[in-house]
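Structural characterization, general
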Amino acid sequence: MKKLCLILIVMLFAGSLNAQISYLQYRHVPADQEEKFVERETKHWSKVAKSAIDKGQMLSWSLWKKIGITNASDTTPNYVIVNSFESLENMDMNKIWNSNMDALGDVKPEDVETMSISTVTFDYFMQSEDRIDGSYKFALVNYAKPTDLTAFIQENKSLWRPLHEGNINNIMNGMTSWGMSSVIYPTGNQDRFSVYTVDGFNKLTDALDYLRWTETGSNSPNAAAWNDVLDKTKMDDLMPNGFERRIIYERVMTVKK
């Protein structure tokens, strides 16, 4: 038994070492600068990202816009730039931006920079823990700060993933993908979140319908699976106050191989 446990621990540790890594940069873009910001990022900086992706330096690059306005302050982000890498060992941010600037062509970097027309509110390094692949245009990101991160990740893998997978495969609630990532940095008691899950949808109305309160009736097509999860879940203990926040983002552009 001890040998089996040791093997499982080694397998889990090895999986973490090879997990996909993402660098997320949250930006606040004033309303009068949004058009210019989006144009510069999608028309010019996406080319630099594509060059890095073609060289195997990065897996993907994407730009997301937050749905709705929760706060007009310049400390509240309304865009997120996501850079994804095969592993932590393969992430070299300086190399990506220094060795691929020729992808801009005749355009001077200073003429299309976006830092002066936006504010970087905060950034995060994330590690992918699990996912169910699928195409999606809208991402419902559920930011969490559980009392026990390990227990949260384990329960999502063993209990919630099968429920989501069943819903996705049987097209029950409009969800088309699901994922979970934990925070690498920054961390600490004062930080915003330590993990998030992502529910993917192709229509905004599906994401909103998923969020609104409804009573799961006994004749609902997924009632049995849902009730089974409710009987076993420990989320009330892991997150006594629920998610820190749940925000929907719309995909503006993605570049990948």
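Note that the coordinates shown come from a computational prediction; the quantities given were computed from them, not determined experimentally. Numbering of residues begins from 1 in every chain and follows the order in which that chain's sequence is written. With the structure being a predicted model, the display of local features is reserved for residues of pLDDT at least 70 and the display and counting of side-chain atom pairs for 80 or more, all residues being used for whole-chain, interface and lining totals. Hydrogens and water are ignored here; the side-chain numbers use all heavy atoms of the structure.

Moving on, we come to the environment of Leu 204. Going along the chain from the N terminus, every DSSP run of H or I of four or more residues is numbered as a helix, and every run of E of two or more is numbered as a strand. Among the secondary structure elements, Leu 204 is positioned in helix α6 (residues 204-211). Three exposure classes are used, based on accessible area relative to the maximum for each residue type with a 1.4 Å probe and protein chains only: buried under 20%, partly exposed in between, and exposed over 50%. Given a relative accessible area of 27%, Leu 204 falls into the partly exposed group. In this structure the C-alpha to C-alpha distance between Leu 204 and Lys 137, which are 67 residues apart in sequence, comes to 8.3 Å. Leaving out residues up to four positions away in the same chain, Leu 204 has contacts with Ile 67, Phe 138 and Ile 248. By definition, residues are in contact when any of their heavy atoms lie within 4.5 Å.

Moving on to a nonpolar patch on the surface. Patch definition: residues above 30% relative accessible area lacking any salt bridge, with like charges linked at up to 9 Å and the nonpolar side chains Val, Leu, Ile, Met, Phe, Trp and Tyr linked at up to 5 Å. Computed with the Shrake-Rupley method and a 1.4 Å probe, the accessible areas treat only the protein chains shown as cover for residues. Put simply, a salt bridge is a Lys or Arg side-chain nitrogen that is within 4 Å of an Asp or Glu carboxyl oxygen. A cluster of nonpolar side chains, contributed by Leu 88, Ile 184 and Tyr 185, occupies part of the molecular surface with about 290 Å² of accessible area. Mapped onto the elements of the fold, Leu 88 is located in the loop between β3 (79-85) and α3 (93-98).

A few words now on the pairing of strand β2 (residues 60-66). Across the 7 residues that make up β2, a large majority, 6, are buried. Strands are labelled as partners when DSSP assigns at least two bridges between them. Here β2 runs beside β3; their pairing, made up of 6 bridges, is antiparallel. Within the sheet, the bridge partner assigned to Trp 61 lies in β3 and is Asn 83. As defined by bridge partners, β2 adjoins strand β8 (residues 245-256) across 7 bridges and the pair is classed as antiparallel. When the bridges of β8 are listed, Trp 61 appears paired with Val 255.

All right, on to the confidence of the model for the protein then. Per residue, pLDDT captures the predictor's confidence, and it can take any value from 0 to 100. For the protein, mean pLDDT is 91; residues scoring 70 or higher make up 90% of the total. The model gives residues 1-16 a pLDDT under 50, and that stretch makes 1 contact with residues more than four places away or in other chains.

Sheet faces and side chains relate simply in a regular strand, where the side chains alternate between the two faces. Most of strand β1 (residues 21-28) is tucked away: 8 of the 8 residues are buried. Residues of β1 alternate between two faces, with Ile 21, Tyr 23, Gln 25 and Arg 27 on one and Ser 22, Leu 24, Tyr 26 and His 28 on the opposite face, all of them buried. As defined by bridge partners, β1 adjoins β3 across 7 bridges and the pair is classed as antiparallel. Counted as the bridge partner of Gln 25 is Ile 81 from β3. In this sheet, strand β4 (residues 119-132) lies alongside β1 in antiparallel orientation, the contact comprising 8 bridges.

Cis geometry marks the peptide bond from Tyr 185 to Pro 186, where omega comes out at 0°. Tracing the backbone through its elements, the reader meets Pro 186 in the loop between β6 (175-185) and β7 (195-201). Within the chain, Ile 171 stands out as a residue other than glycine whose phi angle is a positive 50°. Structurally, the position occupied by Ile 171 is in the loop between α5 (149-169) and β6.

Our next topic: the side chain of Glu 34. Position of Glu 34 relative to the elements: it lies in helix α2 (residues 34-54). The residues contacting Glu 34, other than those within four sequence positions of it, are Val 29, Lys 65 and Tyr 79.

Before going further, it helps to spend a moment on the packing of aromatic side chains. Geometry of aromatic contacts follows a simple scheme: Phe, Tyr and Trp rings, the Trp one being its six-membered ring, pair when their centres are within 6.5 Å, and the pair is stacked under 30 degrees between planes, edge-to-face over 60, tilted otherwise. Across all of its chains, the model carries 13 aromatic pairs by this definition. The interplanar angle of 40° and the centroid separation of 4.9 Å between the aromatic rings of Tyr 23 and Phe 125 together place this pair among those described as tilted. Placement of Tyr 23 in strand β1 and of Phe 125 in strand β4 is noted, with a sequence separation of 102 residues between them. Each ring, one from Trp 45 and one from Trp 97, has its centre 6.4 Å from the other, and the planes form 75°; the classification is edge-to-face. Taken together, the positions of Trp 45 in helix α2 and Trp 97 in helix α3 put the pair 52 residues apart, joining distant regions of the chain. An aromatic cluster is built from Tyr 26, Phe 122, Tyr 124, Tyr 143, Phe 193 and Tyr 196, whose rings are joined through pairwise contacts. Above the face of the Phe 122 ring, Arg 192 is positioned so that its terminal group lies 3.9 Å from the ring centre. Whether a charge lies above a ring is judged from NZ of Lys or CZ of Arg, which has to be within 6 Å of the ring centre and within 35 degrees of the ring normal.

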